[in-house]
Amino acid sequence: MSNRHENRLSRRTTVGLLFAAVAGVLASSMPMAVQAQAQPEVRIGYQKYGTLTLLKGRGTLEKRLSEQGVTVKWTEFPAGPVLLEGLNVGSIDFGTVGEAPPIFAQAAGANLVYVGNEPASPGSEAIVVPKGSGLRTLSDLKGKKIALNKGSNVHYLLLKALEKAGIAYSDIQPVYLPPADARAAFERGSVDAWAIWDPFLAAAEKQLGARVLADGKGLVANYQFYLASRQYAEKNPEILRIVLDEIAKVDDWGRNNPDEVATVLSAQTGLSRDVVALAASRYAYGVKPVSVDVIASQQKVADAFSSLKLIPKPIVVKDALLPVKQLATSGK
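Just so it is clear, the model here is predicted, and its values are computed rather than measured.

Enquirer: Help me understand the side chain of Arg 282 in this model?
Expert: The residue Arg 282 is located in the loop between helix 13 (273-280) and helix 14 (292-307) in this model. A distance of 2.8 Å separates the side chain of Arg 282 from the side chain of Asp 198, its partner in a polar contact. Other than its neighbours up to four places away in sequence, Arg 282 contacts Ser 121, Gly 123, Ser 124, Asp 198, Leu 201, Ala 202 and Glu 205.

See the structure below:
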């Protein structure tokens with residue numbers, strides 16, 4: 001069997017599972033009048049990384065949805081927490097973030113749902129230090145200023161790295177900054193280290209000579225999640241099915257065309273080809289329904305933030321799943 005044929009079969013299987021998880025049961029339980037209502041637009045939030053950036057660059061989703069009379073509006077966000085703020089207030093319908101942002105958003109009362117995830121990609125985030133830094137091990141972070149985006153995926157990475165080194169979170173000085181401001185602080189020496197994700201990580205390595213003190217390998221999973229507002233997911237299951245289908249297709253394409261991926265990402269992000277090529281080499285492709293194991297991993301993230309009082313209350317992650325009995329076991 002050819003790789004292309006295997007990819008087609010894999011994509012059909014994955015999309016079928018996603019459709020069952022996101023749309024099938026919902027459609028059967030909704031009144032026909034609600035099902036008949038068409039959403040003329042899907043508003044998608046994305047960041048400078050991952051499959052959605054590729055999907056935007058290739059334009060295949062717009063073409064597919066235009067056949068249904070649906071337009072696509074793209075909005076770029078600098079990080080996951082602010083993207084989910086946009087989802088919560090109704091400025092977007094669907095988006096992608098890392099592990100921690102959904103935890104903070106759910107704890108704050110956001111009515112969002114998980115609709116899929118890419119495989120773990122622990123090498124796509126890291127704690128870096130300047131090339132001339134005397135910091136050599138995680139233990140050296142005690143008492144140091146560390147820049148990070150609060151509530152982002154690297155926030156959890158930092159927690160786990162400190163835990164491994166036997167350092168209490170209270171024994172460092174977190175400096176909460178979005179990526180652009182964190183890079184400026186890192187360049188001028190205002191912080192000792194920076195916890196950051198790709199492609200900002202790749203840019204720091206290539207452009208600043210930043211040295212990786214530790215990446216996520218052996219510490220965190222670093223899943224990329226796709227989320228929607230619960231209201232949108234319930235009212236527009238067919239549109240979400242098409243979005244997820246096109247994500248699965250672009251995942252297949254990206255996995256098999258690394259040179260083209262670098263070209264598209266460079267054009268979309270404005271970053272140099274060598275930077276995006278390094279970032280893309282650490283991507284994990286293959287959208288799946290959210291499984292029992294992934295939800296268990298997310299619950300560990302939530303519990304870690306709750307134990308440190310970094311979120312206002314404990315949460316149950318599975319409450320942010322669509323009400324489908326097979327959702328937790330359909331993908332693996």
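Enquirer: Just checking my understanding: could you explain the sheet that holds strand 4 (residues 112-118) for this structure?
Expert: Pairing between the strands of a sheet comes from backbone hydrogen bonds, and it takes one of two forms, parallel or antiparallel. The five strands are arranged 2-1-3-10-4 in an open sheet whose pairing can be described as mixed. Pairing within the sheet leaves two strands with one partner each, and these edge strands are strand 2 (71-76) and strand 4. Averaged over neighbouring strand pairs, the angle between their axes works out to 25 degrees when direction is ignored. The sheet contact formed by strand 1 (residues 41-46) and strand 3 (residues 94-97) spans two bridges and is parallel. Paired with Ile 44 across the bridge in strand 3 is Phe 94. Docked against the sheet, helix 3 (residues 50-58) engages strand 1, strand 2, strand 3, strand 4 and strand 10 (224-229), running at close to 130 degrees with respect to strand 1.

Enquirer: Would you mind going over the pairing of strand 8 (residues 193-197) with me for this structure?
Expert: Looking down a regular strand, the side chains alternate between one sheet face and the other. Among the five residues in strand 8, five count as buried, and that is most of the element. Bridge count for strand 5 (residues 125-129) against strand 8 is four bridges, and the pairing is antiparallel. Paired with Glu 125 across the strands is Trp 197, a residue of strand 8. In terms of strand pairing, strand 6 (residues 145-148) meets strand 8 through two bridges, oriented parallel. Paired with Ile 146 across the bridge in strand 8 is Ala 193.

Enquirer: In this structure, what is going on with the environment of Lys 300? I would like to understand it.
Expert: Within the secondary structure, Lys 300 sits in helix 14. The spacing of Lys 300 and Val 317 is 17 residues in sequence and 9.5 Å in space, taken between C-alpha atoms.

Enquirer: How should helix 14 be read in this particular structure?
Expert: An α-helical turn contains 3.6 residues, so any two residues separated by three or four positions project in the same direction. For helix 14, built from 16 residues, the straight-helix expectation of 22 Å at 1.5 Å per residue is met to within 8% by its first-to-last C-alpha distance of 22 Å. Taken together, the buried positions of helix 14 are occupied by Val 294, Ile 295, Ser 297, Gln 298, Gln 299, Val 301, Ala 302, Ala 304, Phe 305 and Ser 306. After helix 14 finishes, the residue Lys 309 shows a positive phi value of roughly 60 degrees.

Enquirer: Quick question: what am I supposed to make of the packing of aromatic side chains here?
Expert: Here the distance between the centres and the angle between the planes together describe a pair of aromatic rings. Applying the stated criterion to the full structure yields nine aromatic pairs. With 6.2 Å between their ring centres and 55 degrees between their planes, Tyr 156 and Phe 305 make a pair best called tilted. With Tyr 156 in helix 7 (residues 153-165) and Phe 305 in helix 14, the pair connects residues that are 149 residues apart, well separated along the chain. Note on accessibility: Tyr 156 and Phe 305 belong to one class, buried. Look at Tyr 223 and Phe 225: their rings are 5.9 Å apart centre to centre, the planes differ by 55 degrees, and that puts the pair in the tilted class. Given the relative accessible area of 15%, Tyr 223 is considered buried. Judged by its relative accessible area of 0%, Phe 225 is buried.

What counts as what
Residues numbered from 1 in each chain as written. Predicted model: local features only at pLDDT ≥ 70, side-chain atom pairs only at ≥ 80, totals over all residues. Heavy atoms only, no water. Helix = DSSP H or I, 4+ residues; strand = E, 2+ residues; numbered from the N terminus. Polar contact = N/O pair within 3.5 Å; in protein donor to acceptor, adjacent residues only side chain to side chain. Contact = heavy atoms within 4.5 Å. Pairing = 2+ DSSP bridges. Axes fitted to C-alpha atoms, helices over the stretch in contact; angles between N-to-C directions. Buried < 20%, exposed > 50% of the residue type's maximum accessible area, 1.4 Å probe, protein only. Expected span 1.5 Å × (residues − 1). Phe/Tyr/Trp six-rings, centres within 6.5 Å; stacked < 30°, edge-to-face > 60°.

Distances and angles like these do not, on their own, reveal function.
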